[in-house]
Each structure stands twice: as structure tokens, then as C-alpha cells.
Amino acid sequence: MCSGYRHTYFFRVKFMRFHFRIHLNLTGICLRLLLECRDIPILGVCLGHQALGYVHGAQIVHASEPVHGRMSEIEHNGCRLFSDIPSGKQSGFKVVRYHSLVIDAQSLPKEIVPIAWTTSTGTHSFLESQNSDFTSDACESQIRATIGYDTFSPELNNGTSWSFSRSREVKKRKILMGIMHSTRPHYGIQFHPESIATCHGRKIFENFREMTRDYLRSTFFKERHAFYTACMQVPGVSQLFGVPRNGPLEYSEDTLPFRETSRMQILGKVDEKNCVSISSLLSFPESSGRVKHLKLKWRKFDRLAAQLGGARNIFCKLFGANKAENTFWLDSSSVEKKRARFSFMGGKGGSLWKQMTFILSDESDIALKSGGYLSIEHAQGVTKSMYLENGFLDFMNQELQSFLYDEKDFEGLPFDFYGGYIGYIGYNLKVECGMLSNRYKSKTPDACFFFADNFVVIDHQYDDVYIMSVQEGSTTNTTWLDDVEQKLLHLEASPVSKLEKQTSQPSTIFSCEAGFLAEKSREQYINDVHKCLEYIKDGESYELCLTTQMRKKVGDIESLRLYLHLREKNPAPYAAWLNFSNENLCICCSSPERFLRLDRNGVLEAKPIKGTIARGRTEEEDEQLKLQLQYSEKDQAENLMIVDLLRNDLGRVCEPGSVHVPRLMDVESYATVHTMVSTIRGKKRSNINAVDCIRAAFPGGSMTGAPKLRSMELLDSLESCSRGIYSGSIGFFSYNQTFDLNIVIRTIVIHEGEASIGAGGAIVALSNPEDEYDEMILKTGAPAKAVVEFQ
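Basis of the calculations
- Residues numbered from 1 in each chain as written.
- Predicted model: local features only at pLDDT ≥ 70, side-chain atom pairs only at ≥ 80, totals over all residues.
- Heavy atoms only, no water.
- Helix = DSSP H or I, 4+ residues; strand = E, 2+ residues; numbered from the N terminus.
- Buried < 20%, exposed > 50% of the residue type's maximum accessible area, 1.4 Å probe, protein only.
- Contact = heavy atoms within 4.5 Å.
- Salt bridge = Lys/Arg side-chain N within 4 Å of Asp/Glu carboxyl O.
- Phe/Tyr/Trp six-rings, centres within 6.5 Å; stacked < 30°, edge-to-face > 60°.
- Lys NZ or Arg CZ within 6 Å of the ring centre and 35° of its normal.
- Polar contact = N/O pair within 3.5 Å; in protein donor to acceptor, adjacent residues only side chain to side chain.
- Pairing = 2+ DSSP bridges.
- Core = buried A, V, L, I, M, F, W, Y, C linked by side-chain atoms within 4.5 Å.

Before we go on, may I ask you to explain the overall build of the protein chain in this structure?
Helix and strand content of the protein chain: 20 helices and 31 strands. When each of the 791 residues of the protein chain is scored for burial, the buried share is 62%. Relative to all contacts within the protein chain whose residues are 6 or more apart in sequence, the contacts with residues 24 or more apart total 77%.

Help me understand the pattern of salt bridges, please; the structure alone is not making it clear to me.
Should their charged atoms come close, side chains of opposite charge can pair. Under the definition given, this model contains 45 salt bridges. In this structure, Lys94 engages Glu73 in a salt bridge whose closest nitrogen and oxygen atoms are separated by 3.5 Å. Note that Lys94 is positioned in strand β3 (residues 94-103) and Glu73 in strand β2 (residues 60-76), a separation of 21 residues in sequence. A residue is classified by how much of its surface remains accessible, and Lys94, at 12% relative accessible area, is buried. Glu73 sits in the buried class, given a relative accessible area of 7%. A salt bridge links Glu719 to Arg723, with the shortest nitrogen-to-oxygen separation between them at 2.8 Å. Here the residues in one salt-bridge network are Arg594, Arg597, Glu605, Arg681 and Asp740, joined through shared partners.

I would appreciate a short explanation of the packing of aromatic side chains in the present structure.
Here the distance between the centres and the angle between the planes together describe a pair of aromatic rings. Scanning all chains against the criterion turns up 34 aromatic pairs. Their ring planes at 40 degrees and their centres at 6.4 Å tell us that Phe328 and Phe450 sit as a pair that is tilted. On the criterion of sequence distance, the pair formed by Phe328 in strand β8 (residues 327-331) and Phe450 in strand β15 (residues 447-452) is long-range, its members being 122 residues apart. Of the two residues examined, Phe328 and Phe450, each falls in the buried class. Consider the rings of Tyr405 and Phe410, whose centres lie 6.0 Å apart with planes at 40 degrees: the pair is tilted. Overall, the relative accessible area of 32% leaves Tyr405 in the partly exposed class. Linked through ring pairs, Trp298, Phe342, Phe344, Tyr405, Phe410, Phe415, Phe417, Tyr418, Phe455, Tyr466, Phe732 and Tyr735 together constitute an aromatic cluster. The ring centre of Tyr670 lies 4.3 Å from the NZ or CZ of Arg339, which sits over that ring. If you follow Arg723 out to its NZ or CZ, it ends over the ring of Tyr427, 4.4 Å from the centre.

Can you help me understand the side chain of Asp740 in this one?
Tracing the chain through its elements places Asp740 in strand β29 (residues 739-742). A distance of 2.9 Å separates polar atoms of two side chains, one belonging to Asp740 and the other to Arg594. Apart from the residues within four sequence positions on either side, Asp740 is in contact with Arg594, Leu596, Arg597, Ile730, Gly731 and Phe732.

I'm lost on the pairing of β8 in this one. Help?
Among the five residues that make up β8, five are buried, leaving the element largely enclosed by the rest of the structure. Burial along β8 is two-sided: the residues Thr327, Trp329 and Asp331 and Phe328 and Leu330 are all buried. In this structure, β8 lies alongside strand β9 (residues 342-347), joined through four bridges in antiparallel fashion. Residue Thr327 lies in a different strand from β9, and its bridge partner there is Gly347. Bridge count between β8 and strand β20 (residues 574-580): five bridges; the pairing is antiparallel. For Asp331, the partnering residue across the bridge sits in β20 and is Ala575.

Hey, could you run me through the nonpolar core in this one?
The nonpolar side chains of a soluble globular protein tend to be buried with one another. Residues Phe392, Leu596, Ile694, Phe733 and Phe739 are the most contacted members of the largest nonpolar core, which totals 104 residues. With eight residues, helix α17 (residues 633-651) is the single largest residue contributor to this core. Once you skip the residues sitting within four places of it in the chain, Phe739 turns out to touch Leu596, Arg597, Leu598, Leu604, Ala690, Cys693, Ile694, Phe732 and Phe733. Cys588, Leu714, Ile750 and Ile757 belong to the second-largest nonpolar core, a separate cluster that totals 59 residues.

This is how it looks when you write it as C-alpha cells:
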């Protein structure tokens, strides 16, 4: 299956839309490129590789088994594409594969030359191939021997000939991994050189770049007329290769081939004057509303939090009255191993406080797919409603663009939230991020946010407490700061309850035992897993995060006490409490997963979780289960696929070359489960804003699968209800455009007297349907147990 990753260093032949059963339908620009652009170098990856074979008569068939996120050793025939890259068993040339279809090597026409194969029919997991301290450049330094090659060289004439040798009989039992056209500069590789775990992927791109330069120089200098004829075939190609319409042929670094903007030109998707950067496609105009000049006042109390009984006691004493109505708490309740450091809490406060509630319009009208109705309640009690034609994220962007501030106001603060919006984005807002529609309407609002102007911050690393107040203009009112300071200084630590003294144990009560009713029975869920496996086999996706919901009537439950119970039994670094009283909505979240953060230095960070196993009952059993997860080929494949997906998402908005993976497939342990976590970071481009980053990556890839858009389409067809808040994100947007958002998992949503828990898991080719059901039930354990114990 084609991943859809973007590359800035090479042509990627990519289909507009594919449907595989027994044969391959080829339409659109891909066919034109391969058949008409004879003198333009093309490198096809994955589907592009298959397309190159298909258009010349080769057959596309099902592979003996789908291979997604798994690795194979590669041998090649020494052609220039693989120059300075080792070959064969134990050579260090291992690549990541994402495909369920292959070219039938026996059907290759004479003009298509095989150039690479797997060394065997087997595959490898990531940890079989790498050390645990793997970095993205590790494979590039593992060339163990110099190998002699018969370098391919183009003849300097219009009928270019590329020398080769065939060894089909020897290779026929192995899987074809690379091909080339015998007379055209067209190449295809079945594996993914851009994957984080592929060895020598960068070298392949560099080789193709050099081959393209040499080909252009040799062919187009001698046959200038042929080059301009090729330019006429596809608009914009002369600019792509840095060739002026008049004057000598020139080459410079900023006019080299394979830039993303030029790729868009050659595909005819946008005209030249609109090919500036992706930000022109993502960004929205600045707000036409009133500009707001914000002023931040704050005070710090050193080493005070523990003396006051910790974050729990501070929240309850300052904001817990009246059922904690209209309050928030971004709660780093698990801070060991520096997983998280700060907690932010507050409630309905100063003159700038407001609540925004957004509901998508009726999805039956496709023209209004991302539009919806926004209600804003202001601190003074006035409520205004409006229709947002361009959706909620557009409005949020305009709001953030309207703030003016002085960076000196928050100099010296160690955190990145200085006031602004705290709340959630529901899963259905995927229609504002590239998805065409939602099959189901959410029962809860699609987005809800408070504007937090007065709030408290706890630094768990140093035990410091900060009180913060945001005001507009030259206002110097310190009443709230004075009042909270006095409360803090006179606040007494509450005694630790018997419940708090208990040591967390692995959950033994699951949702089905706690009186929750499932949207789907065990048989229905397992049947849906089988359907996912069929989609994967047929090349529609290579990972599908199938989910469902559990529901239980709870009536007028004491939601805050329930959340306090949940956080004690299942502490998490990205936990949260949100109480939108007017919506009769409380969210008790114990998420261990970060979706995306943007800090004040412009660094984006994602921490996807893929791979989960229960904790053991004894220390020995627990360690065995942890190792079982660490070395599971299935879980490694799940994690690797999402890491590659998120590298692509971040690559859309980050500086070229800045996206990296400092931690890959670490196992983290929580109260009830072990999980496999990776960390992806990149430097945001200066012309990209906060909402651009969200649009590029939402929903989190760990909750969709890959490729993202097609996977969400398939999941919409399989799931029986809206995910609502589950699978969305909770967190903050600071007025200076920093943000930090989690993935909403391990969460109890209480709405209109009903508690719901969402759960699911990634289905990959290696999945066992019964095991997938058991994993889904495991993930409901902690929140379901909290409900049944609390009641």
C-alpha cells in the first residue's frame, strides 16, 4: 500500500486513487507520467514501483503475505541507484516494507529489468536488525565492505540505453524489490527508503539525485530540442529542472530537482504562482476582529506544593466548591522518569474568561461538512451564537492571531502556557483536517474550550507553585492574585485518605463486568477485525485502529470524586479533568499519550503509543511481560508504521531535515499496563502557525492507522457510532501560540447522566482477531474499574 509520504528529493509516482482486488486500475497523472515523460527521470516508491511494472505489461498479484512495518534484507545487481550500498545477507542493507501486493517477477516484459530482491522469503522485526539505542543515521554508517559494481551509465543520445544483466532464474523464489526500464530513466523500488528504520535510504535518494543531474547534463546539453519538447509535455517542468526559457542551461542549489513545490507544479495541481510553500495551503487570514493587548501578571512560591498537600489538595480547596463547575485541570499525575512536569488548574475567573462550544452542522449537507455553530458564553453572562462557515480551527486561528503581548511578561517561566484556551477537540473535527465527511454525529460538542485568564501552575520537578493572571490593556487589577495568595498561604494539607495509601494493582475488573454495555458484541468486534485484515490484504490500508464504545447509566454521579479516584488508581502524564457545566459534560482522562506539543522555541513533539500489554502480578511476571512487548514483531510493526506516518505529518510543517526520532520504541510502564512509546521532534517553519500544525497532524495517527485518510474512511464504514471526544485531544493553546495536546484514551466521558469509555487497537497483518478483542477490553480496565469501585 502506498504510504502517501511526501519527499523533497525525488519524484514519487503516486496514484490519485486505487482499488486493488485481483487487478490494478491505473488512471490519471501517474499513467501520463510513466508513458509520456520518457526523458524525465522518475523514481517510483511502493505503488510507483508497481505502476512502472504494470503500465508496461507486468502483472500485480497478492503477496504470499502482507508485509507492513517489517524489514527485509536486500540484494541488488550493483546498478547506480544502489552505488556504495552493500548487498546480500549480513551486509547491513535492511529496508522497511509496506505492501500486500507485488509485481509477479515471471510476468516482467523484456523492457523492464529486475535490479533488487529480498535475500530470503522471511522478514525481520526492527529489534532484530538494530540496537536499542538506534538513531536515524545509524544505518548510514554501517557500510561494512566496499563492493564492486557495474555502474549504469546513460549513452549520450536520445535513445538512451541502460546496460543490465538478468538473473531471473536465480531470483525467482525471492520477492522483487526493484526494477528499471531498459531505455528510459525510470526506476521503481518496492520498499520505503524514507522509513526511519530503512538502512541507506538517504544514500538511495542521493544516488538518484546525482543520476538525474548527470542524465540532464549529458542528454539535454546535447539534445536541447528534445528537452524543450519534454517540457511541453508537462507544464512547469522547465522550472523544475532550473532551466530558463532563454539563455544558457544553469544549475544552482535552489533550482535543483525534486522540491515539493515543483513536484506540485509538474503534477498540475496548482499553478506556479501559488507554489510558494505548504503554509499557503494551510494558513488562514488574520482575524478581522478586535485586536486584544494582553498583559500577564504572575507570582511564584518556592517549594510550596508538597506543604499544601500536593496538586490534588490545591485543586480541591481552590476550585472544588459547587461540584467544581466550569473548572479545568491539566493534570500531570504521573511525573516519574520526567514524563511530565507541570499541571495547570483553574475555573471561571476574571473578566476575560469565556467558554466556546462548537457543534458541527448536519453532515447530510456535504457543502457544510466543516461548518458549524459556535456558542460563546462570556464572563458577564452574555451568550452569543454564530455560524462558522470555515469551521472551528479557522476560528481558533483567528483568535490566536488577534492577541498582542510582550514576551518580557513571561521571561523566567519554565512552562509554555501563559493564559489562553484550555479544552478539547473531538475526533469528528477530522473533517477540518482533510477528511471528507463524518458518518456519525457526536452526542457531545465537537469542541469545547475555556479562555483561562486566572489559573494556578504547579512545577512538580521543583515543587513550586505559580499563580497567573491575564488582563487586557493597561489594567493593573491584582485582586485575584492577592486573594489566591492568601488562600495558598493559609491552606492546610489534608490527611492522606485510605484510598490514596493503596498501592495500584493491575486491573481485574473490565468494562463488561462493571455493568457497561458495549456498542458491539465480542463476535461483532472480532468480525470487524477480520474485515480490517481483508482490507489490509487487498492493499486498502496497512494499519487500521479499530475502536468501539462502552456505556453505562450513572445518573447524578459525583464526577470530581470519580476523577480523583481514577487518578489515584491510574496516574498518567497527560491526565485531565474538564467540567463544562452548561453542557452537562465532565471528562475524567488518564491518558499516557501526547498528541502534539509546540514549545516557545518552535519545536514540535509527538509521542505516539502503539503496543500495549497488561502488567504482571509478580515482579518476575511483570518483567517477562515487558520483554514480551519489547520484542513483539507485531507491536514493533505497529509502532514503526505510526512513527513513519507522524514523521510525514511533522515534515509538512517543519524545517527540511529537522524531523528526527530521539527515542524509538521505548517501553513505558504505568499502573495497569506497559506501553511502547516513540518520540518524534522537528523545528516548525517560521511561516507556519499553531493551527497549521494541528491541521497537518490531527487526528493523531495512533488512533487512525495509515495511510491516514483512507484508513479513516474504512473505519467510518466499520464503526457503529461516533467516537466523540474519545480519540480527539485535550490540552491548551496559549495566547503566544504554544500548545500541548494529548490523545484522549483511558478516559471516562460523563454526559447527561451516562458514562462512556472508548477503546480499540491497531489492526495489522499480523493481528489475531481474538487477541485484538482482549487488548481492547484490557484498555477499558482502569477507567471501568474506577467507576465500579467508586459506586
